Amino acid sequence: MKKSLVVLALAATACEASAFAINGNSPAKVLLKKGVAALSKKSASLPVEQKAQAFSGLSDVQSSTQIALSADGGAAEPESGGKEMLITGSFFALWYLFNIGYNIYNKQALNVLAYPWTIATIQMGVGIPYFLALWAFGIRKAPKLSMSDIKTLIPVALCHTGVHVGAVIALGAGAVSFAHIVKASEPVVTCLLNFILLGQVLPTKVYLTLLPIIGGVGIASMKELSFTWLALAAAMLSNVSSSARGVLSKKTMSGKQIGENLDAPNLYSVLTLISTVILIPLMLAMEGTGAFSSFKGLVAAGDFTNKSLATLLALGGATYYAYNEVAFMALGRVNPVTHAVGNTIKRVVIIIASVVAFKTPMSTGSIVGSSVAIAGTLMYSLAMNASKGKKD
């Protein structure tokens, strides 16, 4: 535990240091190609600032590790109509479904294999064959990056790595519900980093919405039946990394052309690839190959078959990548208020689903604290949107 806490602290420091360092033809195939092309076209049509915000705050436990539009606002509401509402509703349903699936599969895997660094690495890498296939078959235009572009993205990828590995460690060290409660405090970290790194001073009413977040998380932590310091530290690492990633993304995407074909989905793919490369040596340093020995031991004991355990790990990675991809499609179709409400409801749904799935007991204090904190995140999002609306 001490070793993990030390690494978490170093990772958080590295993210903040990085932030300071940067200133500035079958029917099925045709259908898939059209869908991905439409997504890429939509991304390309967004203003540079909104593309930058694609990585600024929805990493669910990972944000919310969702990487879609930022908590500061979404895209414009699409034209009304029953068809549009059905499509948008379907995206939201899939987003919630994949997110719930990820949290459940992830916790199940961590319950039998207590190797969070290895599991985080596997989950990060599972999505690579998917987007490589899209690029190889021309379904999605492959990004073209210079070495200078890659160097620019490495600090962002480092923070992206921290978001995910922090979330996985938190889920392994404590209850899923507790990890999401702590993740609700991300706006506090975001405000702090924006002030320190960007000199951004927000209206007083925005800062006031942070009080219920801080108070709610504090109450929930004190009353949490499965509380551990490692879970708290790891979830906060995820928060710090997510906020730092948002600041760095704005700096690297605003007013600067990075490569070719680097829309939001491709940016997420590139960060996934770089993060996997970062995670592999970290995994070996922290856990060696112990996870693979434990894997064989579980199979030998008859608890799992090779296929069933491998499937569990693969499903965790597949749902992780899928919910991030679908989150972009869902949140890119709605206005900031709908975005804020949808993200709040999603967190509540995940907490309830995890409590039901794992029969996790929650004390009255934990329920009250989590409710206050989540309500605070909604008020923060609405206050931020109102503040931006006045500026515009």
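Before any of the text, the structure's been laid out above.
Treat the numbers as computed from the prediction; the structure is a model and nothing was measured. (Residues numbered from 1 in each chain as written. Predicted model: local features only at pLDDT ≥ 70, side-chain atom pairs only at ≥ 80, totals over all residues. Heavy atoms only, no water.)

**Overview of helix α9 (residues 186-198)**
Then, in step 1: With 13 residues, α9 should cover 18 Å at 1.5 Å per step; its first-to-last C-alpha distance of 17 Å lies within 8% of that length.
Then, in step 2: Residue G199 follows α9 closely and has a positive phi angle near 70°. (Helix = DSSP H or I, 4+ residues; strand = E, 2+ residues; numbered from the N terminus. Expected span 1.5 Å × (residues − 1).)

**Some details on helix α5 (residues 116-126)**
Then, in step 1: The buried count for α5 comes to nine of 11 residues, which makes it a mostly enclosed element.
Then, in step 2: Restricting attention to buried positions, one finds in α5 the residues P116, W117, T118, I119, A120, T121, Q123, M124 and G125. (Buried < 20%, exposed > 50% of the residue type's maximum accessible area, 1.4 Å probe, protein only.)

**Points about the nonpolar core**
Then, in step 1: Grouped together as the largest cluster of nonpolar side chains are 72 residues, with contacts concentrated most on F92, W95, W117, I119, L153 and V165.
Then, in step 2: Judged by nonpolar contacts, the second largest core, of eight residues, contains C191, L202, V206 and L210. (Core = buried A, V, L, I, M, F, W, Y, C linked by side-chain atoms within 4.5 Å.)

**Regarding the packing of helix α4 (residues 82-112) against α5**
Then, in step 1: Look at α4 against α5: their axes get within 10 Å of each other, and the N-to-C directions meet at 140°. By the angle class used here, α4 and α5 are oblique. Judged by the twist between their axes, the crossing of α4 over α5 is right-handed. Between α4, through Y102, N106, A109 and L110, and α5, the contact on the second element is made entirely by P116, I119 and Q123.
Then, in step 2: When its residues are assigned to classes, the contact of α4 with α5 shows five nonpolar, two polar and no charged. (Axes fitted to C-alpha atoms, helices over the stretch in contact; angles between N-to-C directions. Parallel < 35°, antiparallel > 145°, perpendicular 65-115°, else oblique. Left-handed = near helix turned anticlockwise from the far one by under 90°. Contact = heavy atoms within 4.5 Å. Nonpolar A, V, L, I, M, F, W, Y, C, P; charged D, E, K, R; others polar.)

**What about the pattern of salt bridges?**
Then, in step 1: Here the structure, examined in full by the defined rule, presents two salt bridges.
Then, in step 2: Of the charged contacts in the structure, one is a salt bridge between R140 and E325, with a shortest N-O distance of 2.5 Å. Residue R140 is located in the loop between α6 (128-136) and α7 (147-173), and its partner E325 is located in helix α15 (residues 306-331); the two are separated by 185 residues in the primary sequence.
Then, in step 3: One salt bridge in this structure joins E186 and K183, with 2.9 Å as the shortest N-O distance.
Then, in step 4: E186 gets classed as buried once you look at its relative accessible area, which sits at 5%.
Then, in step 5: The class for K183 is buried, based on a relative accessible area of 1%. (Salt bridge = Lys/Arg side-chain N within 4 Å of Asp/Glu carboxyl O.)

Keep in mind these values describe shape, not function.
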